[in-house]
Amino acid sequence: MTSAHTAGPAPAIAIRGLGKRFGEKAAVNGISLDVPAGSFYGLVGPNGAGKTTALSMATGMLRPDAGQVWIHGRDVWKDTLGAKSLLGVLADGVRLFDRLTGRQLVTYAGLLRGMDTATVQERTDDLLRVLDLEDAASKLVVDYSAGMTKKIALATALIHSPRVLVLDEPFEAVDPVSAANIRDILTDYVGHGGTVVVSSHVMDLVQRMCTHVAVIAQGNLLASGTVEEVRAGSSLEDRFVELVGGRGTSQGLSWLHTS
Ligand SMILES: Nc1ncnc2c1ncn2[C@@H]1O[C@H](COP(=O)(O)OP(=O)(O)OP(=O)(O)O)[C@@H](O)[C@H]1O
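Quantities reported herein were computed from a predicted structural model and do not represent experimental measurements.

Around the ligand, the neighbouring residues are F22, K25, A27, G45, N47, G48, A49, G50, K51, T52 and T53. For the shell around the ligand, the elements supplying multiple residues, two or more each, are β2 (25-35) and α1 (51-58). No other element matches the three residues that α1 contributes to the shell around the ligand.

Following this line, the structure appears as structure tokens:
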């Protein structure tokens, strides 16, 4: 590994100088970040901040213009298979094989990871149960609701018991009971040595659930560290608004007043 880490255990994810432009737009502007092994890391930022772009590059789905990423010391773009073998990814907006049933999709994900059929079957049953998808197991994924689709995609990220989970907005569109179940699964996973990165817009959730947080806006890293360090005595939401700005722009829509 040629990142800044030469001593001690490698971070679960090490990001150095990561950058991506889309035409004139710098979506991610030279971000460097360490995600410690065993941490529950929240990634927050306004719409269009570059979260999805950064996570896509960190997980080997989008080639960066600049920078490097290592997963437990394996270079994502030089040892892509090695790095990806350690990862479970819930990507935002990526098409699933939605002409499969939920059960088929999760089974397919497990078999693709080289797991034996009996283990895949056992884990698929477990995942369908805890994610409350048993009744929908034989339905085509194309006919799933948004929340059900999110949950079945999460199941495909978990089936091979990866060392690192990268989840882009895992709670979006998910009902409160399922969200609580997913939180329990992830907390238990971290408690037993896994590392989780989640992007989320729900500050309260990140504050309660995560050990660490990074705030990005306009492709730049504004703050990172433990949740306590970043919120610095405020709520994470207040600190986010302070860092990112943008409050008050909704004033001036007097035409929206109906009385
Ligand atoms: N394929 C693309 N082509 C052109 N521009 C893109 C592309 N993907 C992202 N962008 C732009 O890059 C910027 C960052 O987008 P990104 O999706 O990474 O933000 P985000 O933080 O995930 O936003 P959100 O919270 O709304 O999901 C935005 O300005 C977006 O319009």
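Quick look at the sheet that holds strand β6 (residues 87-90) now. Judged by pairing direction, the sheet is mixed, and its six strands sit side by side in the order β6-β7-β8-β3-β9-β10 without closing on themselves. Only two strands of the sheet have a single partner each, and these edge strands are β6 and β10 (220-226). Within this sheet the neighbouring strands show an average axis-to-axis angle of 10 degrees, counted without direction. Of the strands in this sheet, β3 (40-44), β7 (164-168), β8 (195-199) and β9 (212-217) touch α1, which is tilted by about 150 degrees from β7. The strands that helix α5 (residues 146-158) touches are β6 and β7; relative to β6, the one it contacts most, it runs at about 170 degrees.

Right, let's get into α5. Relative to the 18 Å expected for 13 residues at 1.5 Å per residue, α5 spans 19 Å between its end C-alpha atoms, a close match to the ideal helical length. For α5, the buried fraction is high: ten of the 13 residues fall into the buried class. Contacts from the buried residues of α5 go to β6, α3 (102-112), α4 (117-130), β7 and α6 (176-191).

What counts, and where the lines are drawn
Residues numbered from 1 in each chain as written. Predicted model: local features only at pLDDT ≥ 70, side-chain atom pairs only at ≥ 80, totals over all residues. Near = placed C-beta within 6 Å. Helix = DSSP H or I, 4+ residues; strand = E, 2+ residues; numbered from the N terminus. Pairing = 2+ DSSP bridges. Axes fitted to C-alpha atoms, helices over the stretch in contact; angles between N-to-C directions. Contact = placed C-beta atoms within 7 Å. Expected span 1.5 Å × (residues − 1). Buried ≥ 20, exposed ≤ 12 C-beta atoms within 10 Å, placed from the backbone.

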